[in-house]
Amino acid sequence: MPFALHDVVEMKKPHPCGENRWKIIRVGADIRIKCQGCGHSVMLPRREFRKKMKKVIEHAEQ
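Because the structure is a prediction, the values reported are computed rather than measured. (Residues numbered from 1 in each chain as written. Predicted model: local features only at pLDDT ≥ 70, side-chain atom pairs only at ≥ 80, totals over all residues. Heavy atoms only, no water.)

## Considering the packing of aromatic side chains
The final tally for this structure, using the stated rule, is 1 aromatic pair. Ring geometry for Phe3 and Phe49: centres 5.0 Å apart, planes at 70°, overall edge-to-face. Taken together, the residues span a long stretch of sequence, with Phe3 in the segment before strand 1 (8-11) and Phe49 in helix 1 (residues 46-52) at a distance of 46 residues. Here the two residues Phe3 and Phe49 agree in accessibility, since each one is buried. (Phe/Tyr/Trp six-rings, centres within 6.5 Å; stacked < 30°, edge-to-face > 60°. Helix = DSSP H or I, 4+ residues; strand = E, 2+ residues; numbered from the N terminus. Buried < 20%, exposed > 50% of the residue type's maximum accessible area, 1.4 Å probe, protein only.)

## Some points on the environment of Ala29
Tracing the backbone shows Ala29 in the loop between strand 2 (21-27) and strand 3 (30-35). Distance from Ala29 to Pro45, taken between C-alpha atoms, is 6.5 Å for residues 16 residues apart in sequence. When near neighbours in sequence (up to four residues on either side) are disregarded, Ala29 contacts Pro45 and Arg46. (Contact = heavy atoms within 4.5 Å.)

What follows is the structure in structure tokens.
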């Protein structure tokens, strides 16, 4: 599933704040995502991110 910087994605499990929308803020060997509810950011290895991502909700404007 293709994803890019500044896309908004849905993860399989919601964040403890209740929000399930995350914005990709860094792409590399690791992916950093930011919760759209509370603003908390999490860094995940690319392999783990691919496993936990459900779908891309919004694609970033090019």
